[in-house]
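Okay, here's what each chain looks like letter by letter:
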Amino acid sequence: MALITLRKNLYRLSDFRMHGTLATLKNQPPTHVHKVVEDHLCPWFCSRQPEPFKVRFHHACCKKFHLDNGNDLHPLSGPVFSQVSDWDGLDQNVKNEDSQRFYKRLSNLTSSKEVLSFISTMETLPDTVAAGALQRICEVEKKDGDQGLPKEILENSIFQALCFQLEQEPSELSNTSLVTALQALILLHVDPQSSLLLNLVAECQNRLKKGGLEVHNLCILGESLIRLYSPGCVTLELIISQLQGEKLETFTPEDIVALYRILQACAEKVDEHQPFLNKINNFSLSIVSNLSPKLMSQMLTALVVLDQSQALPLIIKLGKYVVRHIPHFTHKELGRVLEAFIYFGHHDRFLTKALEQHVAALHLTLDPEVVSRIMEYCSRKLILSKPILSAGAETFVCQSEKFSPSQISILMEAFGKLNYLPPNASALFRKLENMIFTHFNYFPPKALLKLLHSCSLIECHPVNFMAKIFHPFFLQRLQGEESHLDRLSRAQLTQLFLTSVLECPFYKGPKLLPKYQVKSFLTPCCSMETPVDFHLYNSVKIGLIDLLGERLYFASKVLTPYCYTIDVEIKLDEEGFVLPFTVNEDVHKRIALCIDGPQRFCSNSKHLLGKEAIKQRHLRLLGYQVVQMPYHEMEMLTTRLEVVEYLQRKLFSQNTVHW
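Residues numbered from 1 in each chain as written. Predicted model: local features only at pLDDT ≥ 70, side-chain atom pairs only at ≥ 80, totals over all residues. Heavy atoms only, no water.

Student: Is there a simple way to think about the packing of aromatic side chains in this case?
Tutor: What characterises a pair of aromatic rings is the spacing of the ring centres plus the angle enclosed by the ring planes. Enumeration over the complete set of coordinates arrives at 9 aromatic pairs. An angle of 80° between the planes, with centres 5.4 Å apart, marks the rings of Phe396 and Phe403 as edge-to-face. Judged by centre distance (4.8 Å) and plane angle (45°), the rings of Phe437 and Phe465 are tilted. Of this pair, Phe437 sits in helix α22 (residues 425-439) while Phe465 sits in helix α24 (residues 463-469), and the two are 28 residues apart along the sequence. (Phe/Tyr/Trp six-rings, centres within 6.5 Å; stacked < 30°, edge-to-face > 60°. Helix = DSSP H or I, 4+ residues; strand = E, 2+ residues; numbered from the N terminus.)

Student: It is not clear to me how unusual backbone geometry should be interpreted in this structure. Could you clarify?
Tutor: In terms of backbone geometry, most residues other than glycine have negative phi values and most peptide bonds are trans. Even without glycine at this site, Asp307 takes up a positive phi of about 50°. Position of Asp307 relative to the elements: it lies in the loop between α15 (293-305) and α16 (312-325). Phi at Leu382 is positive, roughly 55°, even though this residue is not glycine. For Leu382, the position within the fold is in the loop between α19 (368-380) and α20 (386-399).

Student: Can you walk me through the environment of Leu544 in this structure?
Tutor: Position of Leu544 relative to the elements: it lies in helix α27 (residues 534-548). Along the sequence, Leu544 and Val643 sit 99 residues apart, while their C-alpha atoms lie 8.8 Å from each other. In this structure Leu544 touches Gly549, Phe554, Val568, Ile570, Leu593, Leu647 and Leu651, once residues within four positions along its chain are discounted. (Contact = heavy atoms within 4.5 Å.)

Student: Would you take a moment to explain a negative patch on the surface for this structure?
Tutor: A cluster of like negative charges, contributed by Glu574, Glu575, Glu585 and Asp586, occupies part of the molecular surface. Looking at where Glu585 falls in the secondary structure, it is placed in the loop between β5 (578-579) and β6 (589-596). (Patch = residues over 30% accessible without salt bridge, like charges linked within 9 Å, V, L, I, M, F, W, Y side chains within 5 Å. Areas by Shrake-Rupley, 256 points an atom, 1.4 Å probe, with all protein chains shown as cover. Salt bridge = Lys/Arg side-chain N within 4 Å of Asp/Glu carboxyl O. Lys, Arg positive; Asp, Glu negative; His and termini not counted. Charge placed at Lys NZ, Arg CZ, Asp CG, Glu CD.)

Student: Where do I start with helix α9 (residues 175-187) in this structure?
Tutor: Side chains that are three or four residues apart share a direction in an α-helix, a result of its 3.6 residues per turn. Its 13 residues place the ends of α9 19 Å apart at the C-alpha level, agreeing with the 18 Å of an ideal helix rising 1.5 Å per residue. A large share of α9 lies buried, amounting to 13 of its 13 residues. Just downstream of α9 lies His189, where phi reads positive at about 65°. (Expected span 1.5 Å × (residues − 1). Buried < 20%, exposed > 50% of the residue type's maximum accessible area, 1.4 Å probe, protein only.)

Student: I tried to follow the packing of helix α21 (residues 405-417) against helix α23 (residues 445-457) on my own but got confused; where do I start?
Tutor: Two numbers describe how α21 lies on α23: the axes approach to 8 Å, and their chain directions differ by 30°. The angle between α21 and α23 places the two elements in the roughly parallel class. Seen along the crossing, α21 lies across α23 with a hand that is left-handed. When α21 is examined against α23, the residues Ile408, Ser409, Met412, Glu413, Gly416 and Lys417 are found in contact with a partner set consisting of Ala447, Lys450, Leu451, Ser454, Cys455 and Leu457. For the contact of α21 with α23, the residue count by class is 6 nonpolar, 3 polar and 3 charged. (Axes fitted to C-alpha atoms, helices over the stretch in contact; angles between N-to-C directions. Parallel < 35°, antiparallel > 145°, perpendicular 65-115°, else oblique. Left-handed = near helix turned anticlockwise from the far one by under 90°. Nonpolar A, V, L, I, M, F, W, Y, C, P; charged D, E, K, R; others polar.)

Student: Any chance you could explain the pattern of salt bridges here in plain terms?
Tutor: Where side chains of opposite charge bring their charged atoms close, a pairing between them can arise. Tallied over the entire structure, the rule returns 20 salt bridges. Between Lys446 and Asp486 there is a salt bridge, with the nearest N and O atoms lying 3.2 Å from each other. Taken together, the positions of Lys446 in helix α23 and Asp486 in the loop between α25 (472-479) and α26 (487-502) put the pair 40 residues apart, joining distant regions of the chain. The partly exposed category is assigned to Lys446, whose relative accessible area is 48%. Given a relative accessible area of 26%, Asp486 falls into the partly exposed group. For Glu529, the salt bridge goes to Lys615, with nearest N and O atoms at 2.7 Å.

Student: Is there a simple way to explain the pairing of strand β4 (residues 565-572) in this structure?
Tutor: Within β4, 8 of the 8 residues are buried, which leaves it mostly tucked inside the rest of the structure. Strand direction decides the pairing type here: strand β3 (residues 555-559) and β4, joined by 4 bridges, are antiparallel. Residue pairing across strands places Ser556 opposite Val568, the latter belonging to β4. The antiparallel hairpin formed by β3 and β4 contains 5 residues in its connecting segment, where Cys563 sits at a positive phi of about 80°. Examined bridge by bridge, β4 and β6 share 5 bridges and lie antiparallel to one another. Each bridged residue has a counterpart across the sheet, and for Val568 the counterpart in β6 is Leu593. Here β4 pairs with β5 via 2 bridges, running antiparallel. In the sheet register, Leu572 faces β5, and the bridge partner there is Val578. Hairpin geometry of β4 and β5 is characterised by an intervening segment of 5 residues between the two adjacent antiparallel strands and by a positive phi of about 90° at Gly576. (Pairing = 2+ DSSP bridges.)

Student: Looking at this model, I keep getting lost on the environment of Asp573. Mind explaining?
Tutor: When you line up the elements, Asp573 lands in the loop between β4 and β5. A C-alpha to C-alpha distance of 4.7 Å links Asp573 and His588, two positions 15 residues apart in sequence. Discounting chain neighbours no more than four positions away, the residues touching Asp573 are Leu579, Asp586 and His588. One polar contact links the side chain of Asp573 to the main-chain amide nitrogen of Glu575, over a distance of 3.0 Å. At a separation of 2.7 Å, a polar atom in the side chain of Asp573 contacts the main-chain amide nitrogen of Phe577. (Polar contact = N/O pair within 3.5 Å; in protein donor to acceptor, adjacent residues only side chain to side chain.)

Student: I tried to follow the nonpolar core on my own but got confused; where do I start?
Tutor: Grouped burial of nonpolar side chains is what soluble globular proteins tend to show. Grouped together as the largest cluster of nonpolar side chains are 153 residues, with contacts concentrated most on Tyr260, Met299 and Phe415. In this structure, Tyr260 is in contact with Leu277, Ile280, Asn281, Ser284, Met299, Ala302, Leu303, Leu306 and Leu314, ignoring residues within four places of it in sequence. Counting residues in hydrophobic clusters, the runner-up holds 28 residues, among them Leu536, Val578, Val627 and Val644. (Core = buried A, V, L, I, M, F, W, Y, C linked by side-chain atoms within 4.5 Å.)

Student: Which parts of the structure should I look at to understand the confidence of the model for the chain?
Tutor: Residues shown with low pLDDT carry predicted positions that ought not to be read at fine detail. Averaged over every residue, the pLDDT of the chain is 82; residues scoring 70 or more account for 83%. Helix α1 (residues 22-26) is the least confidently modelled element of the chain, averaging 33 in pLDDT, while helix α28 (residues 610-621) averages 97, the highest of any element. (pLDDT = per-residue confidence, 0-100.)

Student: Looking at this structure, I do not really get the state of the cysteines. What am I missing?
Tutor: Cysteine pairs can be covalently joined through their sulfur atoms, and such a bond is termed a disulfide. In this structure the tally under the stated criterion is 0 disulfides. No disulfide involves Cys460; its nearest neighbouring cysteine sulfur is the one of Cys455, lying 6.5 Å away. (Disulfide = S-S within 2.5 Å.)

Student: Where do I start with α27 in this structure?
Tutor: Counted at 1.5 Å a residue, the expected span for α27 with its 15 residues is 21 Å, and the 21 Å between its end C-alpha atoms agrees. When α27 is considered as a whole, its buried residues turn out to be Leu536, Tyr537, Val540, Gly543, Leu544, Leu547 and Leu548. One side of α27 holds all its buried residues, which, seen down the axis, span an arc of 130°. Opposite the buried face of α27, at more than 90 degrees from it, the exposed residues are Phe534 and His535. (Arc of directions from axis to C-beta.)

Student: I tried to follow the pairing of β6 on my own but got confused; where do I start?
Tutor: Within a regular strand, side chains alternate between the sheet's two faces. Counting buried positions along β6 gives 6 out of 8 residues, so the element sits mostly inside the fold. Of the strand pairs in this sheet, β6 and strand β7 (residues 625-630) are connected by 6 bridges, and their pairing is parallel. Considered in β7, the bridge of Ala592 is made with Val626.

Next comes the structure, spelled out in structure tokens:
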């Protein structure tokens, strides 16, 4: 393997390619040489400091770098946009024993200073390890966020000399060293117009056109160019074209996920790339078992961005393996995984069980974003998981100051939607009330309305805030710049207003103006009620005709003056006789039959959803006799006679009915 030779305290001017300055420099003292080199080189790195400073090379005591082509190295197994390299995988591919030893030592260094100090002690340095040193510097610096290099590293003579040699002799680098160095420098915020980066990019393009880059290097180069320029650059299209010509069997799992990330960045061209994506989706079924939690998260994220709903077998298989890795995901990775499952509508009991165990062990230390994602997952999939919901409530009580307004809204929506009051409800709502009082104006209006409406679903009525949300000023904020208030917000306001009248008679504040109220909670787009199950309704209708004798003795899908729609309404006079549904006089009692199909309950349970619970509660307060007919009871009825007997028991249990 060719080496870069480093000689301590030796300044060999013959190695600088300075376009005509060589003869002049040979006869000058070192301080003058220092000045000439400094003036010749332009700053490469984009400063992230408030007041930009310019950095130039200082070579007075620098080592001499001599570079020849070295053996290829497989440098990256992680994504270009996060961690830079997988060091265990790196040194396995270095055939030279010294290089392996150097790489292992390099992987244990934890700061840029340590990396540069380590390089300064070496007499010889393979070009692959030199590129790896840049990777390691990038990796340790990225731990503190997406910032540029500190000034002291930029001005370090060893670092500068390393970059200088890359600029002058990129053609001497191996393929892997070339793309690895380019990737690291881009992540370290090199100026895209610097000669350093332009030279490296030009060399990559030259090798790309010759078809000399391997699959892994193509993936690294593709992601690097996306970050440096944009997904629309011509070179990227050439990279994708070459990757399409490769056999997917030659790709490692890391390469497949990198390919997904490249196509994700070109999401606007998904139709053009869909045939290629179909092949990748089918092939990926064979590698799911070999994916790390990080790679699973990235693959699912790409599938969401690329809207690969048709890749259902892949999503299901990923779901099975995600369950095994739940404890090993980072907070961000788990959040992205759940976001993908919400998007694709995927859920199963094994995933729920794994999440329950995870939050039970870590709920007091979980990131609020993860907690809100888990709660949103349960809410969207109607999963009544008491361990998860209770852990979410505890986490909020202990870390309420860390939750954003939108995260609080998601948290409370889950309780309301799933009709669940956690064991620490009193502490939860005390903390919530204090948060809203303190930060009322910081809550987005729609998030605040959704939050307060969710509280009312579980009978925790936000009486102290009703005057504020019915006030014209808040309603104007809620409407924003739109010409009118959206229907969902109006429905939530209407139900809150109805709650204030029926369940909070002591409330004497402002009322909701009629122009902000809706006439019905049952609408196709944003319903506050669940439509009746068609098959169950037909079964009940036939049974009632058999029981009452005629169809005219009951009404179907009745819209009340209070916005609720009743599945079946039966009217009784004072003596208990059934009246025709067309009669409006002498009505002594109204029976509201709630034919509750599976959609009105939490998933795989007999627990009513919050919106159905509040509906039945309000109907009772309005004077209706509510008769609930849940699907799990009606599914036991196999004959028309059994249906009639069931209806007779339900109706006669509290009434003496005549017809």
